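Understanding the architecture of this molecule
As a plain string of letters, each chain reads:
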Amino acid sequence: MFFMPVFDTILWVYLIAALAPAIYLMSYIYRQDTIEKEPAGLLWGCVGRGVLAALLSIILETIGQRILNVSQVNQNTLLGVMILNFVVVGAVEEGTKYALMGQYTWNKRDFNCRFDGIVYAAFTSLGFAAFENIEYVFQYGLSVALPRAFLSIPGHLGFSVIFGCFYGRARLSANQGRRAKMYAEIIVGYLLAVLLHGTYDTCATIQSSTSTLTFIGVVVVLYIIVFKLVKHESRTDEFID
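What counts as what
Residues numbered from 1 in each chain as written. Predicted model: local features only at pLDDT ≥ 70, side-chain atom pairs only at ≥ 80, totals over all residues. Heavy atoms only, no water. Phe/Tyr/Trp six-rings, centres within 6.5 Å; stacked < 30°, edge-to-face > 60°. Helix = DSSP H or I, 4+ residues; strand = E, 2+ residues; numbered from the N terminus. Buried < 20%, exposed > 50% of the residue type's maximum accessible area, 1.4 Å probe, protein only. 1 Å grid on protein atoms, 1.4 Å probe; cavity = no way out; pocket = protein on both sides within 12 Å on 5 of 7 lines; lining within 4 Å. Points joined across faces, edges and corners; volume = space filled by probe spheres on them. Nonpolar A, V, L, I, M, F, W, Y, C, P; charged D, E, K, R; others polar. Contact = heavy atoms within 4.5 Å.

Now for the packing of aromatic side chains. Tallying each qualifying case throughout the model produces 12 aromatic pairs. Note on Trp106 and Tyr167: the rings are 5.5 Å apart at their centroids and 50° apart in plane angle, and the pair reads as tilted. On the criterion of sequence distance, the pair formed by Trp106 in the loop between α3 (78–105) and α4 (116–140) and Tyr167 in helix α6 (residues 152–175) is long-range, its members being 61 residues apart. Overall, the relative accessible area of 17% leaves Trp106 in the buried class. Ring centres of Phe159 and Tyr200 lie 5.9 Å apart, and the angle between their planes is 80°; this geometry places the pair in the edge-to-face category.

And the structure:
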């Protein structure tokens, strides 16, 4: 019986370490939504779809990995690593997140401001990241919690902010009847998110001094761009109805 309270305490420490970064970044994005706050139920729905996207990604990435194995792509080469990280991981994870998010939020009456696109994408992506982080922390221990808090979780936020920026503009274009522009904005936003995700993962995977320096550079630039973009989009937000 003595070990049960200790076990419960350890469990809570692991959960807090895994979830705290995502929760903090969600609160940050929520505070930047200055014109009209989104309802809690809608935001939790985005988080739930992020978790569902993570589960779906596990299945699709397993299939993609097996296809690579069958096609005899050498994953020890730069090309093999890039195919894995851009096509199997980046394209799948960004695709599942935003497909589920789009199906859920596109026709919501609350989607009436341009910045809402960033809010929905961020909460969906951070739901994905939180679920993924729980896996990592419980599998590898607290030693991975700190680096993931400053690298992986903000990375997911960064990809989502880029897509969300285009997603909000796409909704505005749809309301204005410019469907070609709407589709172009969604496609460009998705491709940029995949490009950033694939670059991030590739640099993190390759163990060399050049890739490490590139990885640090990507992270720093991503941080600067994303937080400046969030501030700008929040400050210039507008109704799209």
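Each pocket or cavity is described by its volume, and for the largest pocket that value is around 710 Å³. Those elements giving two or more residues to the lining of the largest pocket turn out to be α2 (40–70), α3, α4, α6 and α7 (179–205). Grouping the amino acids of the lining of the largest pocket by side-chain chemistry returns 14 nonpolar, 10 polar and 6 charged. If you add up the space inside the second largest pocket, you get close to 170 Å³. If you go around the second largest pocket, the residues you meet are Ile23, Met26, Ser27, Tyr30, Ala40, Leu43, Trp44, Val47 and Phe123. The set of elements that each furnish at least two residues to the lining of the second largest pocket consists of α1 (3–32) and α2.

Another point: unusual backbone geometry. Not every positive phi belongs to a glycine, and Gln72 is a case in point at roughly 60°. Position of Gln72 relative to the elements: it lies in the loop between α2 and α3. A relative accessible area of 70% places Gln72 in the exposed class.

All right, on to the environment of Val119 then. When you line up the elements, Val119 lands in helix α4. With relative accessibility at 1%, the residue Val119 sits in the buried group. The spacing of Val119 and Ser173 is 54 residues in sequence and 18 Å in space, taken between C-alpha atoms. Excluding residues within four positions of it along the chain, Val119 makes contact with Ile29, Asp33, Glu38 and Leu43.

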